[in-house]
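Listed here are the chains, written in short residue letters.
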Amino acid sequence: MPGLEIRKVTARIGARVSGVDIGGDLDPATVAAIRAALNEHKALVFDDVDLDDEGQQRFARHLGELTTAHPTVPAVEGAPNILPVDSERGRANHWHTDVTFVLNPPQASTLRSIVIPPYGGETLIANSAAAYRDLPEPLRNLADTLWAEHTNDYDYAVPEESIDEEKAAARAQFTSIKYRTVHPVVRVHPLTGERGLFIGGFAQRIVGLSLGESRKILDLLQSYVTRPENVLRWRWSTRQLVLFDNRITQHYAIDNYDDLPRRLNRVTVAGDVPAGVDGRSSHAIAGDASHYTPLV
């Protein structure tokens, strides 16, 4: 693609994209080049973007139909597709893939820097396909057969003394509709055919196993996802947008910036129902997400 420059940030995940104005009208060839780069690098960084909320939504729509902000958490006022990722509303300092507790989680997420602390506040993004490839063959064979229940209603294991009224209200909001969905532990990417570990913080139980057994296996598999070699550690600057493939990554917002304000705006692109190695698809147990996302 003439003018489009893509530079790897690490060997396994991440690339910086330049030579394109993502705030403007993008032709199909440019969109295809961005999609191909996303398929390869899993996370893309765009610097010096001239975007407002509408511009971010317009860019994300090039990749597909948008979800609303979140199944249970309020959107930016007047902008139902934008979720404020705001330190004042809570801190997502746990490994997760966005909204895996619904039947068809987003295919892609965009984060745009609004308020950046003078230090800290990085976002970690992990390549779950590389993690799958790292598994020894016996573990790969086991993971291929496993299914996990994902839910937004789980034990956060937060000490009682750290839960004030505001945090309790936020948790009640987050779980105001309770979702339970069964997904394959190994998801086949619909565009590339790559296999990736589809687990993260909302995966709470392996189907057919006890909670204790499930935790041991999930922790073991998760340890491959978060190996440093598989992780991009992104230090935010102003006027940046990060796009990542939610089908084959996990991410974690580091809580290392004291009580300073930090704000990103998130817009997500609606996704398909995950499929496992055997071709079977995920299925919902509880919770209707039709108000949140169309089926792709």
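Just so it is clear, the model here is predicted, and its values are computed rather than measured.

A. Representation of the pattern of salt bridges. All chains considered together, the criterion is met by 18 salt bridges. The partner of Arg 61 in a salt bridge is Glu 54, with the nearest N and O atoms 3.9 Å apart. Judged by its relative accessible area of 42%, Arg 61 is partly exposed. Assessed through its relative accessible area of 42%, Glu 54 is described here as partly exposed. Residues Arg 195 and Asp 144 are paired through a salt bridge, measuring 3.2 Å at the closest nitrogen-oxygen approach. Taken as a pair, Arg 195 in strand S10 (residues 195–197) and Asp 144 in helix H4 (residues 137–145) lie far apart in primary sequence, 51 residues in all. For Asp 144, a relative accessible area of 19% gives the class buried. A single network of salt bridges, built from pairs that share partners, joins Arg 187, Asp 245, Arg 247 and Asp 272.

B. Expanded view of the sheet that holds strand S12 (residues 231–234). Strand order across the open sheet formed by three strands is S12-S6-S14, with antiparallel pairing between neighbours. The sheet is open, and its two borders are formed by S12 and strand S14 (249–253), each paired with just one other strand. Strand after strand, the sheet turns through a mean of 20° between neighbouring axes, direction not considered. With five bridges joining them, strand S6 (residues 123–127) and S14 adopt antiparallel strand pairing. Bridging across to S14, Asn 127 finds its partner in Thr 249.

C. The arrangement of the nonpolar core in detail. Among the nonpolar cores identified, the biggest contains 26 residues, and Ile 22, Ile 34, Leu 44, Phe 46, Phe 59, Leu 241 and Leu 243 are the most heavily contacted of them. If you list the elements that add at least two residues to this core, you get strand S2 (15–18), helix H1 (28–41), strand S3 (43–46), helix H2 (53–61), strand S13 (241–245) and strand S15 (263–269). In terms of residue count, H1 provides more of this core than any other element does, five residues in total. What Leu 241 contacts, discounting residues up to four positions off in sequence, is Ile 22, Leu 44, Val 45, Phe 46, Val 49, Leu 51, Gln 56, Phe 59, Thr 110, Leu 111 and Arg 112.

D. Focus on the packing of aromatic side chains. Scanning the model with the defined rule gives six aromatic pairs in all. When the ring of Trp 95 is compared with that of Tyr 252, the centres are 5.5 Å apart and the planes differ by 50°; the resulting orientation is tilted. Of this pair, Trp 95 sits in the loop between strand S4 (83–86) and strand S5 (108–115) while Tyr 252 sits in strand S14; the two residues are 157 residues apart in sequence, bridging distant segments of the chain. One aromatic cluster in this structure is built from Phe 101, Phe 174, Tyr 179 and Phe 202. Taking NZ or CZ as reference, Arg 187 lies 4.9 Å from the ring centre of Phe 198, over its face.

E. Just the sheet that holds S3, in detail. Spatial strand order, S1-S2-S3-S13-S5-S15-S4: seven strands in an open sheet with mixed pairing. This sheet does not close on itself; its edge strands, each paired only once, are strand S1 (5–8) and S4. The sheet shows a mean angle of 25° between the axes of neighbouring strands, taken without regard to direction. Two strands pair when backbone bridges link them, and S5 and S13 are joined in this way by five bridges, in the antiparallel orientation. Within S13, the position partnered with Thr 110 by the bridge is Leu 243. Running at roughly 125° to S3, H1 makes contact with S1, S2, S3 and S13 of the sheet.

F. Focus on the side chain of Ser 109. Here Ser 109 lies in strand S5. What makes Ser 109 buried here is its relative accessible area of 0%.

Cut-offs and rules
- Residues numbered from 1 in each chain as written.
- Predicted model: local features only at pLDDT ≥ 70, side-chain atom pairs only at ≥ 80, totals over all residues.
- Heavy atoms only, no water.
- Salt bridge = Lys/Arg side-chain N within 4 Å of Asp/Glu carboxyl O.
- Buried < 20%, exposed > 50% of the residue type's maximum accessible area, 1.4 Å probe, protein only.
- Helix = DSSP H or I, 4+ residues; strand = E, 2+ residues; numbered from the N terminus.
- Pairing = 2+ DSSP bridges.
- Axes fitted to C-alpha atoms, helices over the stretch in contact; angles between N-to-C directions.
- Core = buried A, V, L, I, M, F, W, Y, C linked by side-chain atoms within 4.5 Å.
- Contact = heavy atoms within 4.5 Å.
- Phe/Tyr/Trp six-rings, centres within 6.5 Å; stacked < 30°, edge-to-face > 60°.
- Lys NZ or Arg CZ within 6 Å of the ring centre and 35° of its normal.

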